[in-house]
Structures are given as C-alpha cells and as structure tokens.
Amino acid sequence: MELYEKLEILGAAAKYDASCSSSGSNRQGKVGSAALPGICHSWANDGRCISLLKVLLSNKCIYNCAYCKNSTDSDVPRAEFAPEELVKITESFYARNYIEGLFLSSAVTRNPDYTMERMLEVMRLLRQRGFGGYIHCKAIPGASDDLVRQCGFLADRMSVNIELPSQSSLQLLAPKKSKLDILNPMGVIRNAITEARDKKSIHAPEPFVPAGQSTQMIVGASPETDRQILLLSGALYRNYELKRVYYSAYVPVTNHPALPGITKPPLLREHRLYQADWLMRFYNFSSDEILDERLPMLDEYLDPKCAWALRHMEYFPVEVNRAPLNTLLRVPGIGNISARRILSARRMAKLTFSDLKALGVVLKRAAYFITCSGKYEPQLKMSPAYVYRALSAQEKLPVFDAGIQTSMFDEARELSAMRLLGRLQA
Ligand code: SF4
C-alpha cells in the first residue's frame, strides 16, 4: 500500500479523538498547507494555534468498542504504518512547514504492549534525529508501566482516554477495556510528573510530559447524567492532576443495538459541559455544586453559571464594593479579569453601575445579582421567571443549533424555564 493511501486511512481514523481539536481547514499557502490528510489544529497553552499531524499508527484493532469505526467488527479499510514510515512523513511535513507537531495514537494491535512499543519507537526515532516539534502521545490502556513512563520522557503531552463515564457503560460498550486499565497509566503519568517536579527543585529536570496529561470522555453514548460526568471530571482533576478533560459528543457511526438511536452528535450538551468545566478550572466551583441530584442535567438555554446563580439566589445580591474575589467570581457577567479590576478600582472610590460597565462587567447579566452601595440598578424587574427569560434571551446559540426554528426554540426554552423554576419552588 502506498504511504499516501495509508495516511488517508489512518488520518481519517484518528479524527474522532477530540483531545486534539481539529478544524478541518483547507488552508493552503506557499510554505504550509492544512489540506493534507491527517492535519488538524490544536491550541497551545498561550492560545497559539498549532498544526499537528494527527494519525493512528494502526487501525487494525483487536478490540470491539461498540461506538468505534475501527473496532474489530467494522468493515473499514485497514492500514498500519511501520514506525520508520511515520517518522519519515512527520519529518517531511515538518520540514515543509505543514505541521508543528505530531498527535500520535493507535488502535490496539496484537496487544497493548506491542502497540505502545511501536509508538515509543516512533517517538524515539524522531527525537534521536533531532525532531524538536510537539508530540502528543496517547497511552494505551493495559500497556506496562515502564513503557508508559518511557513514552512520557519523549512526549510533550500524554493522554489516556477515560472513554465512558462509568464502569458499567465501559462493560457494555467497550467490554475489553476496564476502568482500572485506564486509571493505572494515568496514575503512572501523574507520579512521574510529580517526581520530575520534585527533582527540578534539586537539579536540572529530566522533562516528563512538560505539557501535562489530559483525557477524553464520550458524551451521549451512555445514560450518565451531566452531574455524574462533572463529578468524574472533578475527581480526575483532583486525583490525576489533569490539564484538561475533553468532552466528545457521541458521533453515531455504527449501528450497535446498545447505543442510543440518535442521528446527530449532542453538540450543545458538549458545549455546556465545556462551560461547566471552565467553572471548575477557573472559577473555583467544585464539581458537586454545579448541579444537584434533583436537577442533574445542564440547562440547554442558560449557561451553567447563570443557571447556578438562579438556583442559588440565597447568595445574592452581592455588594460589589465589599465582596471578596471568590464571591465576585460567582456573579454571572463578572469574569476573572473584571473581578480583579473591581478589587483594585474600589480602593480608590465607591463603584457605581457605570463604573462597572467601564471595568468590563457584562451588566445585562450581572445587574440581577449585584448591588452598588446597597442599591440594585434602577427599574430592574426581579421575578425568577423574568430573570430566566431575560438571561436565556441573551444566549447566543452556538452555530450548530442555529437552524432551530424560533417558535420551537421559544417553546423549548419555556419548558426548560418551567423545569428550573419548578425546581426553585420545590
Ligand atoms: S480500542 Fe476501541 S476505541 Fe480504540 S480503536 Fe479499538 S475499538 Fe476503537
């Protein structure tokens, strides 16, 4: 099989992995191109967009995960790179400025150790030949601890996909995978990161996944609620020092009877989970307070911070001239930057609503939840139903739901309002 043909098959096979974002761009320039198979885009910590070659080393999988196009039961073209072949392609794309790095994953071929060894070989060859580009490597659940550690000294980031939010769903949909096999390499990576960090304070460190570890979870293929998903993410952030949990809306590509009969990926749900995840990572929300057992799903028509605030009006109004940082951060319409600006500006003078606007506070959201020197913004209507409608009307539906008819949208939003408000009155 020609190398380019392999690249087409294995680049397409890797596209469902969300832990590296793919833009599907067709950009082509004099010195770079994103139109080649397997090229995707990701964002560095500093917000820079970087192009990566995102491929599987092999899609000849011995596992039979129900949701996966590459499962052993699927009838798809199969291919496998020899490590030297993938090294050659990576080097040549890098030299031509098509890519800045490699996102390396693989189906489980023969067994986890065999697969991980071949991935290790790719990275070893690349680094030996002086490749300084970014490498994100997937750890294969079930591979030996030693192999996982060796990979970590060559990769910039590693990830182990948690795949599904519970052991029972794993058993049903990915019967050859177990929670233990997934959590074990995560633990190995976490321990090695800690060791490297400790050594750093004594002498020059041997870098171990300097960009940290991440994971990916499929959303909507199994019955877990958003609350269960967020609780799991919170535990992963706490216990495994993850940089990111990626949520991947389930894409229906197989007809397995145990999978839900949906035709479109639940992208709005994925979007809301990312917003809730953001609250945990940057706004000091704990995973068990964003949702509760009586209302375990994120609201479709309100972002999670507004929905949380409406359910917890006992914490409001917040007096902006006195509230500490953490309390300000809980207010819809006040972000990390505007909260800090408020803290420094109020040292000079008492803040008014127009001052807040100038400091970057989104008043059309925040006004329902704050006072300035003990007073609400004048002429504000404050019934919960009114506030819900006012806030949800400001929500810009993400582009994937832009086709919803306005009348249907209004009806659905009313239903959602009744659910949340019913919960408020319960
Ligand atoms: S291990 Fe499962 S998810 Fe991964 S390639 Fe094989 S069948 Fe697909």
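Notes on the structure follow. (Residues numbered from 1 in each chain as written. Predicted model: local features only at pLDDT ≥ 70, side-chain atom pairs only at ≥ 80, totals over all residues.)

1. Here's the deal with the packing of helix α2 (residues 83-95) against helix α3 (residues 112-128)
As a reminder of what qualifies: Note on method: axes are straight lines fitted to C-alpha atoms, helices fitted across the in-contact stretch only, with angles between N-to-C directions ranging 0 to 180 degrees. The way it works is that DSSP assigns letters per residue, a run of H or I at least four long becomes a helix, a run of E at least two long becomes a strand, and they are numbered from the N terminus. Put simply, angles under 35 degrees are roughly parallel, angles over 145 are roughly antiparallel, angles from 65 to 115 are roughly perpendicular, and the rest are oblique. The crossing is said to be left-handed when, going from far helix to near helix, the turn is anticlockwise and less than a right angle, and right-handed when the turn is clockwise. Here the contact rule is simple: place C-beta atoms from the backbone, and any two residues whose C-beta atoms are within 7 Å are in contact. Throughout this entry, Asp, Glu, Lys and Arg are counted as charged residues, while Ala, Val, Leu, Ile, Met, Phe, Trp, Tyr, Cys and Pro are counted as nonpolar. The remaining residues, Gly among them, count as polar.
Viewed as axis vectors pointing N to C, α2 and α3 meet at an angle of 45°, and their least axial separation amounts to 9 Å. As judged from the angle between their axes, α2 and α3 are oblique. Where α2 crosses over α3, the two elements pack in a sense that is right-handed. Along its contact with α2, which presents Pro 83, Glu 84, Leu 86, Val 87 and Thr 90, the element α3 presents Arg 118, Glu 121, Val 122, Leu 125 and Leu 126. Classifying every residue of the contact of α2 with α3 gives six nonpolar, one polar and three charged.

2. As for unusual backbone geometry
In most cases, non-glycine residues show a negative phi, while peptide bonds are predominantly trans. Put simply, the rule is: Any residue whose C-beta has 12 or fewer other C-beta atoms within 10 Å is treated as exposed, any with 20 or more as buried, and any in between as partly exposed, C-beta atoms being built from the backbone.
In this structure, the amide linkage connecting Phe 316 to the following residue, Pro 317, adopts the cis form with an omega of 0°. With respect to the element layout, Pro 317 can be found in the loop between α9 (304-311) and β8 (318-319). A positive phi angle is found at Asn 97, which is not glycine, with a value near 75°. Exposure remark for Asn 97: the 13 C-beta atoms within 10 Å place this residue in the partly exposed category. Positive phi values are uncommon outside glycine, yet Glu 163 reaches one of about 65°.

3. What to know about α3
This is how the line gets drawn: A helix's residues, less one, multiplied by 1.5 Å, set its expected span.
When the terminal C-alpha atoms of α3 are compared, their 24 Å separation across 17 residues agrees well with the 24 Å that a helix rising 1.5 Å per residue should span. Listed in full, the buried residues belonging to α3 are Pro 112, Thr 115, Met 116, Arg 118, Met 119, Leu 120, Val 122, Met 123 and Leu 126. For α3, the secondary structure elements touched by its buried residues are α2, β3 (101-105), β4 (134-138) and α4 (145-152).

4. Comments concerning the environment of Ile 342
Mapped onto the secondary structure, Ile 342 falls in helix α11 (residues 336-345). Taking the number of C-beta atoms within 10 Å as the measure of exposure, Ile 342 has 23 and is therefore buried. Residues Ile 342 and Leu 356 lie 14 residues apart in sequence; the distance between their C-alpha atoms is 7.5 Å. Residues contacting Ile 342, with those up to four places away along its chain left out, are Val 320, Leu 328, Leu 351 and Leu 359.

5. Thoughts on the nonpolar core
Heads up, the condition is: The term nonpolar core refers to a group of buried residues, namely Ala, Val, Leu, Ile, Met, Phe, Trp, Tyr and Cys, whose C-beta atoms join them within 7 Å. Each domain's extent was defined by an automatic or database domain assignment.
Among the nonpolar cores identified, the biggest contains 107 residues, and Leu 10, Met 119, Met 123, Cys 137, Ala 139 and Cys 151 are the most heavily contacted of them. Among the elements that take part in this core, α3 stands out by supplying six residues, more than any other. Per-domain counts for this core show at least three residues from each of domain 1 (3-282) and domain 2 (304-425). With sequence-adjacent residues up to four places away left out, Leu 10 is seen in contact with Val 55, Leu 56, Asn 59, Ala 79 and Phe 81.

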